Amino acid sequence: MSLHNELGHWGESMAAAYLRDQHYAIIERDWRSGHRDIDIVAVDGNQLVFVEVKTRRNHNSGHPLDAIDAEKMNNLRQAIHHYVKSHNESRSYRLDFITVIGTEFELPEIKHYKDVML
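Residues numbered from 1 in each chain as written. Predicted model: local features only at pLDDT ≥ 70, side-chain atom pairs only at ≥ 80, totals over all residues. Heavy atoms only, no water.

1. Points about the environment of R57
In this fold, R57 is placed in the loop between β3 (47-56) and α2 (70-86). Residue R57 is classed as partly exposed on the basis of its relative accessible area, which comes to 38%. C-alpha of R57 to C-alpha of G102: the two residues are 45 residues apart in sequence and 4.6 Å apart in space. (Helix = DSSP H or I, 4+ residues; strand = E, 2+ residues; numbered from the N terminus. Buried < 20%, exposed > 50% of the residue type's maximum accessible area, 1.4 Å probe, protein only.)

2. Examining the pattern of salt bridges
One pass over the structure, following the stated rule, counts 7 salt bridges. The closest approach of N and O atoms between D37 and K72, which form a salt bridge, is 3.8 Å. Of this pair, D37 sits in strand β2 (residues 36-44) while K72 sits in helix α2, placing them 35 residues apart in sequence. The two residues D37 and K72 agree in class, both being buried. A salt bridge links K72 to E52, with the shortest nitrogen-to-oxygen separation between them at 3.5 Å. Within this pair, whereas K72 is found in helix α2, its partner E52 is found in strand β3, the two being separated by 20 residues in sequence. Comparing K72 with E52 shows no difference in burial state: the two are buried. (Salt bridge = Lys/Arg side-chain N within 4 Å of Asp/Glu carboxyl O.)

What follows is the structure, encoded as structure tokens:
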């Protein structure tokens, strides 16, 4: 696994742990629909939450959210739509972003952006 993929996997693990600490139930990780994916699918109360995680080693490489462009948002919309349809979901849902900055050798900086507009 490349260093980039290892960092991303670690960031997703940190985000999942954070969500569990916030009393979210994790129901899927790395769900795929063709070449589109959803990093984490969780439940917060009665609401389904789709979570996109962006990880960086430090602040020098720009803000993690800068990596979410129009194409990424379109792919997320399509993946979420497919997930809801294929799982026959009737719950309300939202999209959240979580950014993780750091490495496995330090306490990461985690920020949670709730209910990002689809």
